[in-house]
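Fold and contact review
Take a look at the letters that make up each chain.
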There are 2 protein chains.
Amino acid sequence: MDLSQVSDVVILRLPMYVRALSQLLDAGSEVVDSKTLGRLIRIAPAQVRKDLSYLGKFGKQGQGYSVPYLRDELRRILGLDRRWTACLVGVGNLGQAIIDYPGFVPGGFSIVAAFDSDPELVGKSIGGIPVRPMSELDGTVEASEITIGIVAVPASQAQSVIDRLVDAGVQGILNYAPVAPHVPERVILRNIDPVLSLQSMTYYLLQGSRPD
Amino acid sequence: MDLSQVSDVVILRLPMYVRALSQLLDAGSEVVDSKTLGRLIRIAPAQVRKDLSYLGKFGKQGQGYSVPYLRDELRRILGLDRRWTACLVGVGNLGQAIIDYPGFVPGGFSIVAAFDSDPELVGKSIGGIPVRPMSELDGTVEASEITIGIVAVPASQAQSVIDRLVDAGVQGILNYAPVAPHVPERVILRNIDPVLSLQSMTYYLLQGSRPD
DNA sequence: CAATGTGAATATATTCACAGCG
DNA sequence: CGCTGTGAATATATTCACATTG
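Residues numbered from 1 in each chain as written. Chains lettered and ligands numbered in written order. Predicted model: local features only at pLDDT ≥ 70, side-chain atom pairs only at ≥ 80, totals over all residues. Heavy atoms only, no water.

Our focus in this paragraph is the overall build of chain A. Scanning chain A from N- to C-terminus turns up 9 helices and 10 strands. When its C-alpha atoms are laid out on the principal axes, chain A stretches across 65 × 55 × 35 Å. Among the 212 residues that make up chain A, the fraction classed as buried is 51%. Taking contacts inside chain A between residues at least 6 apart in sequence as the whole, the part at least 24 apart equals 55%. Element-wise, carbon and sulfur atoms account for 50% of the exposed surface of chain A, whose accessible area totals about 10000 Å². Each charge class in chain A can be summarised by its mean position, and for the 20 positive and 22 negative side chains these summaries are 11 Å apart. (Helix = DSSP H or I, 4+ residues; strand = E, 2+ residues; numbered from the N terminus. Buried < 20%, exposed > 50% of the residue type's maximum accessible area, 1.4 Å probe, protein only. Contact = heavy atoms within 4.5 Å. Areas by Shrake-Rupley, 256 points an atom, 1.4 Å probe, with all protein chains shown as cover. Lys, Arg positive; Asp, Glu negative; His and termini not counted. Charge placed at Lys NZ, Arg CZ, Asp CG, Glu CD.)

This is the structure we're talking about:
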């Protein structure tokens, strides 16, 4: 099975399958069919089967998919059977909420270092993680083998912080700043931008009241 | 120009254009061409022109687009020339960071009420907004004409909170909980899910080290 | 003559529909 | 039988390429 050709939209959906399968597992289900799995994440059954077919043959005709088996396979394919280490840059309100967010650890991610340029914050400890000065970024990324940089700084600083993380060697960036940053081809970028989400939502909210 | 047929992907991109145009305006640019605008948000020039062509004819051949004019038109189309009121449910770490996040207000959104089920939090004031008990949700949404509900509660409570917001009359939900909630057709849902973003990122991070 | 606006061409994505297997 | 796995059909999205126009 040639994974390198699987398209991006499919890969983006895989974590949703993993999450749904984990739920099913917790609920004690042994098998699941594409209809049920699809309903959990609001994806058509044919789409579920097609997505999975790009990765292998995981099901049994007439029965469905083994919940624990399919979950493990998808987790392995996504690399979620390892632990990934990340650092956080920007320990303001948002950054503190990110450190304290309980969802990353079960998801497979550990934030092992935090950096901020504010001397008031440096030296403090947030959620058990010491806040280091920006000057220690490069050394720490290398020493702790950090592969992911999480960026929670103001828009104006985001690009330079991202450049710095990339230079230090991270392979992925999770960017919370409201900018469209540039990264080299080899670096994977994900943006978290609730304002953009809301600003497209309003278009549809208007429909209800827009004079046609 | 029939806006009701414009596809979702196009609408999702419009706020990015608005943001880029606002930057250009701040920088003093009067006109912009599709190449420059596209470069700012990493979209191909032909895509920029095609997207805009679904909404009208905003440019001048040989010149480009008037920055202030195009920005205003897009803002109007998205409904960003009005102010939208939202309420927040769940005033934990994440909720507090959301209230304090300075990006919503310039984006066109005001959080005018906050709710939590924790009696310790109720009555306190976070970022100038009093935290109310859940029992006041329905009445406040109606009285303050709140159209958007922002959900920052644990996964286990998300669906019931969302049901409650929908029943109270909100038309849009911005969901930060790691679940795929069900909402009626008429309600617009946007999910903010950084863990899913990271979990698809790892697939690509693995590529560098995956034995082919 | 430089850049838009847009049909036509291409590429991606989703859905259908059914053969084939457990 | 009931479901998967999958080609074929359809629907969406992007890109090309150029006629058009200020």
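Residue and element names in this part refer to chain A. Spatial ordering of the open sheet is given by β6-β7-β5-β4-β8-β9-β10, a layout of 7 strands whose pairing is mixed. Where the open sheet ends on each side, the last strands, each with one partner, are β6 (125–126) and β10 (188–191). Both strand β9 (residues 172–175) and β10 contribute to a ladder of 4 bridges, which runs parallel. Looking at β10, one finds that Asn175 is bridged to Asn191. (Pairing = 2+ DSSP bridges.)

It takes a turn of 180 degrees to lay chain B on chain A, together with a shift of 0.0 Å along the axis; the resulting RMSD is 0.0 Å. The transformation just described matches what one would write down for a two-fold rotation axis. Counting the interface residues of chain B, we find that 100% of their copies in chain A are interface residues as well, pointing to one common contact surface. (Least-squares fit on C-alpha atoms with pLDDT ≥ 70 in both.)

A separate point is the interface of chain B and chain A. Listed by partner, the interface residues are 59 residues for chain B and 59 residues for chain A. Around 5600 Å² of area is buried between chain B and chain A when both sides are counted, 66% of it from carbon and sulfur atoms. The interface formed by chain B and chain A holds 2 salt bridges in total. For Asp193 of chain A, the salt bridge goes to Arg19 of chain B, with nearest N and O atoms at 2.7 Å. Linking chain B to chain A there are 21 residue pairs in polar contact (both at pLDDT 80 or more). Mapped onto the side of chain B that touches chain A, the elements with two or more residues apiece are α1 (8–26), α2 (34–41), α4 (67–78), α5 (93–100), α6 (104–107), β9 (172–175), β10 (188–191) and α9 (194–207) of chain B. Here the residues of the side of chain B that touches chain A sort into 36 nonpolar, 14 polar and 9 charged. (Buried area = accessible area lost by both parts, 1.4 Å probe. Salt bridge = Lys/Arg side-chain N within 4 Å of Asp/Glu carboxyl O. Polar contact = N/O pair within 3.5 Å; in protein donor to acceptor, adjacent residues only side chain to side chain. Nonpolar A, V, L, I, M, F, W, Y, C, P; charged D, E, K, R; others polar.)

Glancing now at the protein's contact with DNA strand D. Taken together, 25 residues lie around DNA strand D, and Ser34, Arg49, Gly59 and Tyr65 of chain A together with Arg13 of chain B are the ones closest in. At the protein interface, 59% of the atoms of DNA strand D within 4 Å belong to sugar or phosphate. Gln47 of chain B is positioned such that a nitrogen or oxygen atom in its side chain is 3.3 Å from a sugar or linking oxygen of DNA strand D. One of the side-chain N or O atoms of Arg49 of chain B is found 3.2 Å from a base nitrogen in DNA strand D. Put simply, the parts of the chain that give the surface near DNA strand D at least two residues each are α3 (45–53), β2 (59–60) and β3 (64–66) of chain A together with α1 and α3 (45–53) of chain B. Sorting elements by how many residues they give to the surface near DNA strand D places α3 of chain B first, with 4 residues. Split by residue class, the surface near DNA strand D holds 6 nonpolar, 10 polar and 9 charged. (Near = heavy atom within 4 Å.)

As a further point, take helix α2 (residues 34–41) of chain A. Residues and elements named next belong to chain A. Within α2 the residues assigned to the buried category are Ser34, Leu37, Gly38 and Ile41. One face of α2 carries all of its buried residues, which in axial projection span an arc of 100 degrees. With respect to the buried face of α2, the exposed residues turned more than 90 degrees away are Lys35 and Arg39. Positive backbone phi, at 60 degrees, marks Arg42, one or two positions downstream of α2. (Arc of directions from axis to C-beta.)

Near DNA strand C lie 24 residues; those nearest to it are Arg13 and Gln61 of chain A together with Ser34, Gly59 and Tyr65 of chain B. Sugar and phosphate atoms constitute 60% of the interface atoms of DNA strand C, taking the interface as everything within 4 Å of the protein. In the environment of DNA strand C, a base nitrogen lies 3.2 Å from a nitrogen or oxygen atom belonging to the side chain of Arg49 of chain A. Counting only elements with at least two residues in the surface near DNA strand C, the list comes to α1 (8–26) and α3 of chain A together with α3, β2 (59–60) and β3 (64–66) of chain B. Per-element accounting of the surface near DNA strand C gives the leading share, 4 residues, to α3 of chain A.

Those places that UniProt annotates as "domain: CoA-binding" (unreviewed entry) correspond, in this numbering, to residues 79–180 of chain A. Secondary structure over residues 79–180 of chain A splits into 32% helix and 28% strand, and the C-alpha atoms at its two ends are 26 Å apart. (UniProt positions renumbered as here; feature names shortened; annotations may be inferred.)

All names here are of chain A. Among the secondary structure elements, Arg39 is positioned in helix α2. Arg39 sits in the exposed class, given a relative accessible area of 53%. It is 9.7 Å that separates the C-alpha atoms of Arg39 and Ala20, two residues lying 19 residues apart in sequence.

Glancing now at the pattern of salt bridges. Counting across every chain of the model gives 12 salt bridges over all chains. A salt bridge links Arg13 of chain A to Asp51 of chain A; its shortest N-O distance comes to 2.7 Å. With Arg13 of chain A in helix α1 and Asp51 of chain A in helix α3, this residue pair connects regions lying 38 residues apart in the sequence. Salt-bridge contacts for Glu73 of chain B lead to Arg76 of chain B; the nearest nitrogen and oxygen are separated by 2.7 Å. Placement of the pair is Glu73 of chain B and Arg76 of chain B together in helix α4, with a separation of 3 residues, close to one helical turn.

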